[in-house]
Amino acid sequence: MTRISLPALRGLAGALAGIGLSVAMAGTAAAQTTLERIKQRGNLICGASHGVAGFSLPDAQGQWRGFDVDICRALAAVIFNDQEKAKYISLASKDRLTALQSGEIDVLSRTTTWTLGRDAGFGLNFTAINYFDGQGFLVRKSSGVKEVKALDGASVCVAQGTTTELNLADYFRTHGMKYEVIAFAGLDETIQAYEAGRCDAYTTDLSQLAANRMKLKVPADHELLPEMISKEPLGPWVRQGDDAWFDIVRWTVYALMNAEEYGITQANVDEMVKSTNPEIRRLLGVEGKFGESLGLTNDWVVRIVKAVGNYGESFDRHLGAKSPLNLPRGMNRLWTQGGLQYAPPVR
């Protein structure tokens, strides 16, 4: 039997202790939450589109603006009390989920449809629907096409890595129609191909079609067909495995809706803090510690509203009556106004 000297034993014990410390440190690093990483880094990293007017698009000064961008600004406000502490990474449709999976971004707020396959098979979680949409078609007025069924035998431009491709195949298969798909990796390539006449129609979500039509040389020469061939519930995504971060993102979306429901706006939020309505007092952090339960300050909703307004203000500014798109609220009206948007209560 080999004898081990006392100094050697001491050296071995020190080495094992060092290994144990390294393992413990690695475990601590691995256990760091998304919120902790964001705070340590000093900013939120948000996945955005390649540029969809109204949703996420840099302005003339290079500042990102849009309905989806407001979610990121709201998150930066609740974490840092500074909506400018959000960084944006422009992502193509085919790259957006991978970027979230890999940890390149903290949240994906980029016109991405909630589906079972994505929710269950990618290690990701959908948080909340901030926009109800549906797939449509854009055609040239000169084509004489007035309904989707008239596209039998047509060529259709579509972006790769989207539910749009699958919906297109399902619709034409269901109706016994033939078509030629012409797919492109990015949004701009798809639009340019359609304008160049490489396809008879361009398909994506109706809201994006309305935005992208504005990029064409003569928008008035093109029209949206009236049908909607799919359900496209859109909203922000996060990685699985961090329930606390999931809750923060989900309840940030709901806070915007609840603020609109109770008439809380950028202009009156300071006054509304004085309200005697218990629902409003809980929402704005005057009563209860609901912000603390999320790992935030209790005035988290006040911060959101001061930064971007309520849901309706954000919608009108980027998509609705006060925007170039002038899209109707439609399904995105609050439930109290006959729409589908419904936020759980803060209680």
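**Section: the state of the cysteines**
Counted by the stated rule, this structure contains two disulfides. A disulfide bridge connects Cys 46 with Cys 72, and the sulfur atoms are separated by 1.8 Å. Of the two residues, Cys 46 is situated in strand E1 (residues 44-48) and Cys 72 in helix H3 (residues 67-80); the sequence distance between them amounts to 26 residues. Residue Cys 72 is classed as buried on the basis of its relative accessible area of 1%. Residue Cys 157 pairs covalently with Cys 199 via a disulfide, S to S 2.0 Å. Between Cys 157 and Cys 199, the S-S dihedral sits near -110°, and the bridge is therefore left-handed. Within this pair, whereas Cys 157 is found in strand E9 (residues 154-159), its partner Cys 199 is found in the loop between helix H7 (187-195) and strand E11 (201-205), the two being separated by 42 residues in sequence. One exposure class covers both Cys 157 and Cys 199, and it is buried.

**Some thoughts on unusual backbone geometry**
Of note, Asn 81 is a non-glycine position whose phi angle comes to about 60°, a positive value. Looking at the secondary structure, you find Asn 81 in the loop between H3 and strand E4 (86-90). A positive phi angle is found at Asn 326, which is not glycine, with a value near 50°. Here Asn 326 lies in the segment after helix H14 (311-318).

Conventions and cut-offs
- Per-chain numbering applies: the sequence of each chain, read as written, is numbered from 1 onward.
- Totals for whole chains, interfaces and linings use all residues, but because this is a predicted model, local features are given only for residues with pLDDT of at least 70 and pairs of side-chain atoms are given and counted only at 80 or more.
- Hydrogens and water molecules were not included; the side-chain quantities draw on all heavy atoms of the structure.
- Throughout, a disulfide means two cysteine sulfur atoms within 2.5 Å of one another.
- Under the scheme used here, helices are H or I runs from DSSP no shorter than 4 residues and strands are E runs no shorter than 2 residues, and both carry numbers assigned from the N terminus.
- Accessibility here uses a 1.4 Å probe with only protein chains present; expressed as a share of the type maximum, an area under 20% marks a residue as buried, one over 50% as exposed, and anything in between as partly exposed.

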